[in-house]
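Notes for the structure review
This is what each chain is made of:
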Amino acid sequence: MTNQLKLQQLLKLLDLTRLTDNDNSTEMAAWLAEHMLSTKLPAAFCVYPAFLTQCRDRLAELGVQSTLATVVNFPSGNAAADMVVQEIQQALALGADEIDCVLPYQALLAGDTGRVKSFLYDVREACGKACLKIIIESGELVTPQQIIKATELAIECGADFVKSSTGKVPVGITMEAARIMLTVIAAAKRPVGFKASGGVRTVAQALELMAMYEDITGRLAQPELMRIGASVLFSELSALLAQPQA
């Protein structure tokens, strides 16, 4: 596969993300205008619930067919399950196609796996047929065993994807955490997706993650089972793809 084809493949995996604190509708509109000028689209646009309607309406105005994702229990992972269920219901009503939900990782660190499992089953039920990505916040988990356990619990409770990070803590995705998560995912008895997020800032890093996914799972990296959450890669990738080939 040529480098150009790899770049095209990578662009299709992107969850183009804007989760800026203290954001506003004017800045969101400018961001949408900038990225919707492209002839190529990412796998999804991922925004805070407050901006789902704005994104949905803008996509409809332009006749753009794209997936909308949002975040819940974000970023702390501390909300009660019933509150998160309400968040999910409201997000789906506003047009979200995919839910990225933070696992209560503090409960996991405290050894309360029962609470974690109960929470995960509740959010899975609330999502219905919508795609559910569980964020394990791998950079806050102290040992490889905790990353393994969090990934296993997410899979056991029905997650469609296991996602590494919120991007709101000091340590985001690392290659070590990605390898651990992918090894667990590859051993699952059903297809489970992997989403790398939190500090994926260069095309080279994203290509390395894509190659690792394919090496460990034996699957071609496609948006149905692999995503990369990033806020800056889309523009860089689009520019690289626009360059004339030698």
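Residues numbered from 1 in each chain as written. Predicted model: local features only at pLDDT ≥ 70, side-chain atom pairs only at ≥ 80, totals over all residues. Heavy atoms only, no water.

**Points about the packing of aromatic side chains**
Per the stated rule, a full pass over the model turns up two aromatic pairs. Considering the side-chain rings of Trp31 and Phe45, the 6.1 Å spacing of their centres and the 85 degrees angle between planes classify their relative orientation as edge-to-face. Linking Trp31 in helix α2 (residues 25-36) with Phe45 in strand β2 (residues 44-47), this pair joins segments that are 14 residues apart in sequence. Take Trp31: its relative accessible area is 7%, and that puts it in the buried class. Judged by its relative accessible area of 0%, Phe45 falls in the buried class. A ring pair is formed by Tyr48 and Phe74, whose centres lie 6.0 Å apart and whose planes are at 75 degrees; its orientation type is edge-to-face. Placement of Tyr48 in the loop between β2 and α3 (52-62) and of Phe74 in the loop between β3 (67-72) and α4 (81-93) is noted, with a sequence separation of 26 residues between them. There is no split in this pair, since Tyr48 and Phe74 are both buried. (Phe/Tyr/Trp six-rings, centres within 6.5 Å; stacked < 30°, edge-to-face > 60°. Helix = DSSP H or I, 4+ residues; strand = E, 2+ residues; numbered from the N terminus. Buried < 20%, exposed > 50% of the residue type's maximum accessible area, 1.4 Å probe, protein only.)

**A short note on the layout of surface pockets**
Estimates place the volume of the largest pocket at around 370 Å³. What lines the largest pocket is a set of 21 residues, and nearest its centre among them are Thr17, Thr166, Gly167, Gly199 and Ser231. Contributing elements (two or more residues each) for the lining of the largest pocket: β1 (14-18) and β8 (226-230). Classifying every residue of the lining of the largest pocket by side-chain character gives six nonpolar, 10 polar and five charged. (1 Å grid on protein atoms, 1.4 Å probe; cavity = no way out; pocket = protein on both sides within 12 Å on 5 of 7 lines; lining within 4 Å. Points joined across faces, edges and corners; volume = space filled by probe spheres on them. Nonpolar A, V, L, I, M, F, W, Y, C, P; charged D, E, K, R; others polar.)

**Points about the state of the cysteines**
Applying the stated criterion to the full structure yields zero disulfides. Here Cys131 is not cross-linked by a disulfide; its sulfur's nearest cysteine counterpart is in Cys127, at 8.5 Å. Under the relative-accessibility criterion, Cys131 is labelled buried at 15%. (Disulfide = S-S within 2.5 Å.)

**Remarks on the confidence of the model for the protein**
Chain-level pLDDT for the protein is 95 on average; 98% of the residues reach the 70-or-more range. Of all secondary-structure elements in the protein, the lowest mean pLDDT belongs to helix α10 (residues 233-242), at 88, while strand β6 (residues 161-163) reaches the highest, 99. (pLDDT = per-residue confidence, 0-100.)

**Quick look at the sheet that holds β3**
Within a beta sheet, neighbouring strands are joined by backbone hydrogen bonds and run either parallel or antiparallel to one another. Read around the closed barrel, the eight strands follow the order β1-β2-β3-β4-β5-β6-β7-β8; overall the barrel is parallel. Averaged over all pairs of adjacent strands, the angle between strand axes in this sheet comes to 25 degrees, irrespective of strand direction. Against the sheet, α3 engages β2 and β3, with an angle of about 175 degrees to β3. Packed on one face of the sheet, helix α8 (residues 175-186) meets β6 and β7 (193-196) and runs near 170 degrees to β7. (Pairing = 2+ DSSP bridges. Axes fitted to C-alpha atoms, helices over the stretch in contact; angles between N-to-C directions. Contact = heavy atoms within 4.5 Å.)

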